[in-house]
Amino acid sequence: MNPIIPETFGVDIAGETFDLPIIALSDRRAIALLMVIEMGVRFGDLVGDAMVARFAALKPDIVVGSATLGIPAAIEVSRRFGLDQYVILQKSPKFHLAEALVEDVRSITTGGSQRLLLDRRSIALLQGKRVLVIDDVVATGSSMAAAIRLVRRAGAEVVGAGAILAEGHAWRHALGRDADLVTTLGHIPQFDIVDGIAIPDAATEYTARTGASHAFGQDNRNVGRWSAG
Ligand SMILES: Nc1ncnc2[nH]cnc12
């Protein structure tokens, strides 16, 4: 695939600017890729501190993180809440998960359908608890919706849902009323590729025109501008 111009998109995450690489998903679509596991330790601190500041009032009993890229943030958040145990929703059916609770997910990055699994042995950790669900990016909302369903099937109350980034707005429709549970630390659009140039898709771009959501908060005031990179 030919190089895309520009190469990066600058996004404000919890008050700091990060230049994310713009990666083609197809000849016509691209995303600004947040590869959490390549962002370094300090990024984990930034995300953990910002998430805990936003969710402290909800007093969660336990944090649930979605594999794979939701795991680092879930651990950072758990650590800051002083919670030793956390629950990870797995993507691949590990042999010991034969008896897992399962929900279907559609991913924009892999293009295919996936599954999210909750190990039955973790149900006891969740039953009757106030749960905070954490993921890296909420895009279609499919993964977040599946995580929320799994947590509820385990008999827990979802008191909040955090993602480092919101990508577009489709997740709001997918989540319906549960979109009100979601807080994100930044927002990115998806991109149309026209003649090798990545153009933020008007339908997914966050601008003042579309009206600020309380779910985004003030940390999104700088989003949508081009990075120098
Ligand atoms: N922009 C993005 N970066 C990383 N993971 C994603 N999943 C969906 N959109 C993504």
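In case you missed it, the structure is sitting above this.
Residues numbered from 1 in each chain as written. Predicted model: local features only at pLDDT ≥ 70, side-chain atom pairs only at ≥ 80, totals over all residues. Heavy atoms only, no water.

### As for the overall build of the chain
When you go through the chain residue by residue, the secondary structure sums to five helices and 13 strands. Among the 229 residues that make up the chain, the fraction classed as buried is 52%. Counting contacts in the chain only where the partners sit at least 6 residues apart, residues at least 24 apart contribute 64% of the total. Here the chain displays about 10,900 Å² of accessible surface, and carbon together with sulfur accounts for 52% of that area. (Helix = DSSP H or I, 4+ residues; strand = E, 2+ residues; numbered from the N terminus. Buried < 20%, exposed > 50% of the residue type's maximum accessible area, 1.4 Å probe, protein only. Contact = heavy atoms within 4.5 Å. Areas by Shrake-Rupley, 256 points an atom, 1.4 Å probe, with all protein chains shown as cover.)

### Some words on the sheet that holds strand β12 (residues 190–194)
Strand order across the open sheet formed by five strands is β1-β2-β3-β12-β13, with antiparallel pairing between neighbours. Looking at strand neighbours, the two that pair on one side only are β1 (8–13) and β13 (197–200), the edges of this open sheet. Sheet twist, expressed as the mean angle between neighbouring strand axes with direction ignored, is 35°. In terms of strand pairing, strand β3 (residues 29–32) meets β12 through three bridges, oriented antiparallel. Of the residues in β12, the one forming a bridge with R29 is D192. Where helix α1 (residues 41–55) meets the sheet, its contacts fall on β1 and β2 (16–24), and the angle it forms with β2 comes to roughly 110°. (Pairing = 2+ DSSP bridges. Axes fitted to C-alpha atoms, helices over the stretch in contact; angles between N-to-C directions.)

### Here we look at a nonpolar patch on the surface
A surface patch of nonpolar side chains, about 340 Å² in accessible area, is lined by I5, V194, I197 and I199. Relative to the helices and strands, I199 is located in strand β13. (Patch = residues over 30% accessible without salt bridge, like charges linked within 9 Å, V, L, I, M, F, W, Y side chains within 5 Å. Salt bridge = Lys/Arg side-chain N within 4 Å of Asp/Glu carboxyl O.)

### Quick word on the side chain of D12
By secondary structure assignment, the location of D12 is in strand β1. Engagement of the side chain of D12 in a polar contact is seen with the backbone nitrogen of G15, the distance being 2.9 Å. (Polar contact = N/O pair within 3.5 Å; in protein donor to acceptor, adjacent residues only side chain to side chain.)

### Thoughts on the pairing of β2
Examined bridge by bridge, β1 and β2 share six bridges and lie antiparallel to one another. When the bridges of β2 are listed, V11 appears paired with F18. In textbook terms, the turn of a hairpin is the stretch between consecutive antiparallel strands, and for β1 and β2 this stretch comprises two residues, one of which, A14, has a positive phi near 50°. Bridge analysis of β2 against β3 gives three bridges, and the strand direction is antiparallel. Bridge assignment links A24 to a residue of β3, and that residue is A30. Linking β2 to β3, which pair antiparallel, is a turn of four residues.

### A few points about the pairing of strand β4 (residues 62–66)
Of all five residues that make up β4, five are buried, and the element is covered over most of its length. Because side chains alternate across β4, one face comprises the buried residues I62, V64 and S66, and the other comprises V63 and G65, equally buried. One ladder, built from four bridges, connects β4 with strand β8 (residues 130–138); its direction is parallel. Residue pairing across strands places V63 opposite L132, the latter belonging to β8. For the handedness criterion, the β-α-β arrangement of β4, helix α2 (residues 71–80) and strand β5 (residues 87–89) is classed as right-handed. (Right-handed = clockwise from strand over helix to strand, strands pointing away.)

### Considering the packing of α1 against α2
Where α1 contacts α2, the two axes come as close as 8 Å, and the packing angle between them is 55°. In terms of axis orientation, α1 runs oblique to α2. Between α1 and α2 lies a crossing of right-handed hand. For the pair formed by α1 and α2, the contact residues are G44, D45, V47, G48, D49, M51 and V52 on the first element and A73, E76, V77 and R80 on the second. For the contact of α1 with α2, a count of residues per class yields five nonpolar, two polar and four charged. (Parallel < 35°, antiparallel > 145°, perpendicular 65-115°, else oblique. Left-handed = near helix turned anticlockwise from the far one by under 90°. Nonpolar A, V, L, I, M, F, W, Y, C, P; charged D, E, K, R; others polar.)

### What about the pattern of salt bridges?
Per the counting criterion, the structure on display carries 12 salt bridges. A salt bridge links R29 to D192, with the shortest nitrogen-to-oxygen separation between them at 2.7 Å. Here R29 is found in strand β3, whereas its partner D192 is found in strand β12, with 163 residues between them in sequence. E76 is the salt-bridge partner of R79, the closest N and O atoms lying 3.8 Å from each other. Of this pair, R79 and E76 are both found in helix α2, three residues apart, which corresponds to roughly one turn of the helix. Counted as one network, the salt bridges with shared partners bring together D45, D49, E76, R79 and R80.

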